[in-house]
Amino acid sequence: MSRLAHVTSGPYAPPAPARELTVVSADGARLHVEMHGPVDDPAAPAVVLAHGWTCSTAFWAAQIRLLAADHRVIAYDQRGHGRSPASPACSTRALADDLEAVLSATLAPGEKAVIAGHSMGGMTVMAASARRTFREHAAAVLLCSTGSSRLVAQSTVVPIRAGRTRTWLTRRVLGSRAPLGPVTPLARRVLKYGTMGPGSAPLMVEACARIVHACPRTVRHAWSQVLARLDLDHGVRELRVPVAVVVGTADRLTPPVHARALAAELPRCTGLTELPGLGHMTPVEAPDAVGEAIRELVATHLVAARATDVRDTAGHAHTGPADTGHADTGHAGVRDAAQDTHARDAGGRQEAAGAQVAGAPIEEGA
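Quick summary incoming for the structure in this document. Model, not experiment: these values are computed from the prediction.

## A word on the environment of L203
Logical step 1: Structurally, L203 is set in helix α8 (residues 202-213).
Logical step 2: Owing to a relative accessible area of 44%, L203 belongs among the partly exposed residues under this scheme.
Logical step 3: Taking the C-alpha atoms as reference points, L203 and Y12, 191 residues apart in sequence, are found 8.2 Å from one another.

Following this line, the structure appears as structure tokens:
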């Protein structure tokens, strides 16, 4: 998808990335990845952003702008969305494979990151929660406007009483193959009703409409079928890192009932935030609140954890017989060498075109 399909000015215009990669997933699907901020500084905390159904990396524009000054921000297009080509494989397994490929390609071995997922991006996190690579890299998670099952039955897009008729109509509305066409005043009103809160500013509606209308209808339909059958309740229970949950109280696609169920089932939920009057597009409708939620997770579960590790390592360096006179120097040398190797590995992996990651090549500038 061309970047011209998005707004080109204001807080929702996609910022230019510092680096772009093409990462190849387990089944050969090619994923467009953007890296923002101090990408060559291994000391800068890492944040990984996974967007939702019919969206793209542009959806996270406001959070990228808020975080990129002092974070390495990694955003990628889900398969078939944005600049990632469509793939015949549409499944929660494929979503998990793709997230694992992105984590392996952009983070050093063992390096931790805060992972934020909106809507289908949150479902991606749930699908990957038991995977080895996810657990290796996830320090904490933010789940925005998402759910783990019964999406169609609990959606309130169709404004009638819950039951078989509403479920049947909702399935056909969300699974429609009809082209969305150009972004017109009517299209904006329809999109605002279905996905945003009633008080959403026109520039927010415009930004979301441009992104959603740019998604190919075949991709929109294919993934709608996956979401209609979604059952990731088991993935919620496997999500063992600290998790914050955010939802808008006027969300029609994933109403607050989903967020409350997640908060109740997550092993380590750090809190549920319900944003009054906001709809499904929380990162656009409440850019500062979502950005600060990510920043708080980084400060609490990534930066603070690093500081603890450094103190623990320093404490170990001073243990041992006092008369040897070598313990401090030896341990410091090991730490310095490890840090140098970490920096070289991170820089080399991000800069080397054609490097192998989990058996799949990375191509820069694709």
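What follows continues from the structure just given.
## Brief notes about the pattern of salt bridges
Logical step 1: Throughout the structure, instances matching the rule amount to 15 salt bridges.
Logical step 2: Put simply, D97 and R131 hold a salt bridge, and the shortest N to O gap is 2.8 Å. Taken together, the residues span a long stretch of sequence, with D97 in helix α2 (residues 92-106) and R131 in the loop between α3 (120-128) and α4 (132-137) at a distance of 34 residues. As far as the burial class goes, D97 and R131 line up, both buried.
Logical step 3: Salt bridges here are not isolated pairs; linked through shared partners, they connect D27, R79 and D98.

## Digging into the side chain of S149
Logical step 1: Here S149 shows up in the loop between β6 (138-144) and α5 (151-154).
Logical step 2: A relative accessible area of 13% places S149 in the buried class.
Logical step 3: Excluding residues that lie within four positions of it along the chain, S149 makes contacts with Q154, L230, D231, D233 and H258.

## Overview of the nonpolar core
Logical step 1: By size, the foremost hydrophobic cluster in this structure holds 49 residues, and its most contacted members are F134, V141, L143 and L239.
Logical step 2: Considering every element that reaches this core, the biggest residue donor is α2, with seven residues.
Logical step 3: Each residue touching F134, except ones within four places of it in the same chain, is listed here: L99, E100, L103, I115, V125, A128, S129, V141 and L239.
Logical step 4: Ranked by size, the runner-up nonpolar core spans 25 residues in total, among them L49, I64, V73 and L275.

## A short note on the side chain of E34
Logical step 1: With respect to the secondary-structure elements, E34 resides in strand β2 (residues 30-36).
Logical step 2: E34 sits in the buried class, given a relative accessible area of 2%.
Logical step 3: There is a polar contact of 3.2 Å between the side chain of E34 and the side chain of H32.
Logical step 4: In terms of polar contacts, E34 uses its side chain to reach the side chain of H36, at 3.1 Å.

## Quick word on the pairing of strand β3 (residues 46-50)
Logical step 1: Along β3, five of the five residues are buried, which leaves the element largely enclosed by surrounding structure.
Logical step 2: Burial along β3 is two-sided: the face carrying A46, V48 and A50 and the face carrying V47 and L49 are both buried.
Logical step 3: When β3 meets strand β4 (residues 72-76), the two strands line up parallel, connected through five bridges. Considered in β4, the bridge of A50 is made with Y76.
Logical step 4: The β-α-β motif built from β3, the intervening helix α1 (residues 61-67) and the parallel element β4 has right-handed crossover chirality.

## Some points on the environment of T156
Logical step 1: One can find T156 in the loop between α5 and α6 (164-174).
Logical step 2: Sequence separation of T156 and G194 is 38 residues, and the distance between their C-alpha atoms is 8.8 Å.
Logical step 3: If near-sequence neighbours (up to four positions away) are discounted, T156 is found in contact with R166, Y193, D251, R252 and P255.

## Some points on a nonpolar patch on the surface
Logical step 1: A grouping of I160, W168 and L169 is seen on the molecular surface, where their side chains present a nonpolar patch of about 270 Å² in accessible area.
Logical step 2: Relative to the elements of secondary structure, W168 occurs in helix α6.

What counts as what
Residues numbered from 1 in each chain as written. Predicted model: local features only at pLDDT ≥ 70, side-chain atom pairs only at ≥ 80, totals over all residues. Heavy atoms only, no water. Helix = DSSP H or I, 4+ residues; strand = E, 2+ residues; numbered from the N terminus. Buried < 20%, exposed > 50% of the residue type's maximum accessible area, 1.4 Å probe, protein only. Salt bridge = Lys/Arg side-chain N within 4 Å of Asp/Glu carboxyl O. Contact = heavy atoms within 4.5 Å. Core = buried A, V, L, I, M, F, W, Y, C linked by side-chain atoms within 4.5 Å. Polar contact = N/O pair within 3.5 Å; in protein donor to acceptor, adjacent residues only side chain to side chain. Pairing = 2+ DSSP bridges. Right-handed = clockwise from strand over helix to strand, strands pointing away. Patch = residues over 30% accessible without salt bridge, like charges linked within 9 Å, V, L, I, M, F, W, Y side chains within 5 Å. Areas by Shrake-Rupley, 256 points an atom, 1.4 Å probe, with all protein chains shown as cover.

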